[in-house]
Amino acid sequence: GLANARLAMQEHRADAVHETLETARRVHRTWIEHTFAPSLPAAEPARRQKIAALLLATEVMAWKAIRHDYGFEAEDTAAAITALINGLEAQP
């Protein structure tokens, strides 16, 4: 996680890093769309908005902020992210 966060901070410095992160973002979005397919609305813009919220909830920088910037323990960090995801899945 921290290595990915550090890499993201270097994105503007090297085209290769930018390209790598763009690929990672596409893979992340595909994973979200596949993993959470049953809870995703069929109609836009609700579908796009829920995908955006799930991307944010599972974004490495969100994890970094909770775990490292705010100093929460790993278990509490995982519980917070899980609560966000569960709340999003429960929405129509």
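Residues numbered from 1 in each chain as written. Predicted model: local features only at pLDDT ≥ 70, side-chain atom pairs only at ≥ 80, totals over all residues. Heavy atoms only, no water.

Peer 1: Could you give me a rundown of the pattern of salt bridges, with the residues and numbers involved?
Peer 2: Inspection of every chain in the model, using the stated rule, returns four salt bridges. Residue R29 is joined to E33 by a salt bridge in which the shortest nitrogen-to-oxygen separation is 2.9 Å. Separated by four residues within a single helix, R29 and E33 lie in helix α2 (residues 15-35), roughly one turn from each other. The partly exposed category is assigned to R29, whose relative accessible area is 38%. Classification of E33 by relative accessible area gives partly exposed; the value is 26%. (Salt bridge = Lys/Arg side-chain N within 4 Å of Asp/Glu carboxyl O. Helix = DSSP H or I, 4+ residues; strand = E, 2+ residues; numbered from the N terminus. Buried < 20%, exposed > 50% of the residue type's maximum accessible area, 1.4 Å probe, protein only.)

Honestly, that's just the spatial picture; any functional story needs more than this.
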